[in-house]
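Okay, here's what each chain looks like letter by letter:
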Protein chains: 2
Amino acid sequence: MSSNEKNTRIKILDATWKLMEDRRGLGVRMSDIAKAAGISRQAIYLHFDTRTVLMSATAIYVDEVKGLDERLKIVMSAATAVDALKAFVNVWGNYVPEIYGLAKALLAARETDEAAGVAWDERMGCLRDGCREIISGLDAEGRLAPEWTQADAVEMLWTALSFQTWEQLTVDCGWSVDNYVRHMTALVMRGFVV
Amino acid sequence: MSSNEKNTRIKILDATWKLMEDRRGLGVRMSDIAKAAGISRQAIYLHFDTRTVLMSATAIYVDEVKGLDERLKIVMSAATAVDALKAFVNVWGNYVPEIYGLAKALLAARETDEAAGVAWDERMGCLRDGCREIISGLDAEGRLAPEWTQADAVEMLWTALSFQTWEQLTVDCGWSVDNYVRHMTALVMRGFVV
DNA sequence: CATGTCAATTGACACAGTGTCAAGTGAATC
DNA sequence: GATTCACTTGACACTGTGTCAATTGACATG
């Protein structure tokens, strides 16, 4: 039955997701996932060719469940680009902890695995799109600081909001998400808005 | 003879460094290093207990040869904190490509290896110290933007100047080092200085 | 000259984790 | 009753790290 097949697939995705979050993306083996999903290790390979394929599929699955795209789109409907920017930082800063483990694992895999790199870039795509919209909005409203071309500002803002930056501030510096949002907002407001 | 022992050690460190830079920190095996150093794979373990120990030792070796500390100290002698900040971004931005491969490898190892994490934190220490001095100088000169406490500004500046940020802008966004320096300077000047 | 020391070599092996393969099981389907 | 299909089981190949024991070759000292 295809519903049974689907159930196993979903069980694997859920197990992968849960384990990645529990262990912050580190030390999650295929055998751990199999155990958590209640199937044999080899059965995973009936659904996903490689570990990387599984992680990419899990990332897509999580995106669907969590719906970052939608959250960001709502943000974009703010009255002004400045409001959108503030809301954007807030949504993103609060979203990262929900996907931290999986993102971390995907990022690590990216170093050695081409396919993981592609999957990562796709995940980060909507963030970059959001930055582009906001910068273009700022510019249209005449509030983009004169130092910046739109293209440069987009890339700098996207980098400031990167997963790695979020991680360094919260994990290495011990900031709360609220502090991250407050101070990152301050930085980008000063840095890009006039 | 102890000079012979030292020679082999240095040969290993040089080989490690060179390979890390050549391969941008990825896919460098102990056997590759041995081959490049002209010794047997097992002989490496006569000098370095583990791969991580070797990488940490190489990082220290590179630091000695390249002398980031000294370069940064010269920067600190600038007339004003603002000048120091600009020079700091310039020195750091131009320094990273010289240590990219090794830094990348150490950063990757950090995820699974406690000792690598310590080694990384030590390497990043002088950067953080520099940020602290600059922010405290800005504050003393009354030019730190009012949004910031010194502690918060130090951590945010340190994060803005992180290896990962440098990497995202130059590798992922394709910026030249000159562009990195110019735009990062613009961001931190706007973000922190008043 | 004989002896000891010490760095390095060689070959073998343990271990972990990914991915593959072949044979077999059990339940639904025709 | 035969087929199909997801899944299980056990075995194995492969890679890379780290360990071990036996051996070599150079050099230093008595």
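First, a word on what this report is: a plain description of the structure on this page. Numbers given to residues run from 1 along each chain, matching the order in which its sequence is written. Think of it this way: whatever chain is written first is A, whatever ligand is written first is 1, and the rest follow in order. The predicted nature of this model means local features are confined to residues of pLDDT at least 70 and side-chain atom pairs, given and counted, to a pLDDT of 80 or more, with totals for whole chains, interfaces and linings taken over all residues. Only heavy atoms go into the side-chain values, all of them from the structure, while hydrogens and water stay out.

### Examining the packing of helix H4 (residues 51-66) of chain A against helix H7 (residues 114-140) of chain A
Residue and element names in this part refer to chain A. At a closest axis distance of 9 Å, the pairing of H4 and H7 adopts a crossing angle of 10 degrees. The orientation of H4 with respect to H7, classified from their angle, is roughly parallel. Contacts between H4 and H7 involve Thr 52, Ser 56, Ala 59, Ile 60 and Asp 63 from the former and Ala 115, Ala 116, Ala 119 and Arg 123 from the latter. When residues are sorted by character, Ala, Val, Leu, Ile, Met, Phe, Trp, Tyr, Cys and Pro go into the nonpolar class, Asp, Glu, Lys and Arg into the charged class, and all the rest, Gly among them, into the polar class. For the contact of H4 with H7, a count of residues per class yields five nonpolar, two polar and two charged. Simply put, an axis is a line fit to the C-alpha atoms, just over the touching stretch for a helix, and the angle between two N-to-C directions goes from 0 to 180 degrees. Numbering of helices and strands runs from the N terminus; a helix is a DSSP stretch of H or I covering at least four residues, while a strand is a stretch of E covering at least two. An angle counts as roughly parallel when it lies under 35 degrees, as roughly antiparallel when it exceeds 145, as roughly perpendicular when it falls between 65 and 115, and as oblique in every other case. In what follows, residue pairs with any heavy atoms lying within 4.5 Å of each other are defined as contacts.

### Observations concerning unusual backbone geometry
Its identity is not glycine, yet A:Arg24 carries a phi of approximately 55 degrees, on the positive side. Along the chain, the position of A:Arg24 falls in the loop between helix H1 (2-22) and helix H2 (30-37).

### Remarks on the layout of surface pockets
Volume-wise, the largest pocket comes out at about 790 Å³. Residues are called lining when one of their atoms sits within 4 Å of a cavity or pocket point, these points coming from a 1 Å grid over the protein atoms alone, where a cavity is a set in which a 1.4 Å probe fits but cannot get out and a pocket is an open set with protein on both sides within 12 Å along at least five of seven lines. Along the wall of the largest pocket there are 34 residues; nearest its centre are A:Ala108, A:Glu111, B:Ala108, B:Ala109 and B:Glu111. Among the secondary structure elements, those contributing two or more residues to the lining of the largest pocket are H4, helix H6 (81-110) and helix H9 (163-172) of chain A together with helix H4 (51-66), helix H6 (81-110) and helix H9 (163-172) of chain B. Counted by class, the lining of the largest pocket contains 13 nonpolar, ten polar and eleven charged residues. Grid points are joined across faces, edges and corners, and a volume is the space filled by probe spheres set on the points.

### Thoughts on the protein's contact with DNA strand C
A single heavy atom is enough: if one lies within 4 Å of a molecule or strand, its residue is considered near that molecule or strand. Neighbouring DNA strand C are 16 residues, the closest being A:Arg41, A:Arg51, B:Thr8, B:Ser40 and B:His47. Broken down by secondary-structure element, the contributors of at least two residues to the surface near DNA strand C are helix H3 (41-47) of chain A together with helix H1 (2-22) and helix H3 (41-47) of chain B. It is H3(B) that provides the largest number of residues to the surface near DNA strand C, a total of four residues. Residues belonging to the surface near DNA strand C are distributed by class as follows: six nonpolar, six polar and four charged.

The quantities given are spatial measurements derived from coordinates; they are silent on function.
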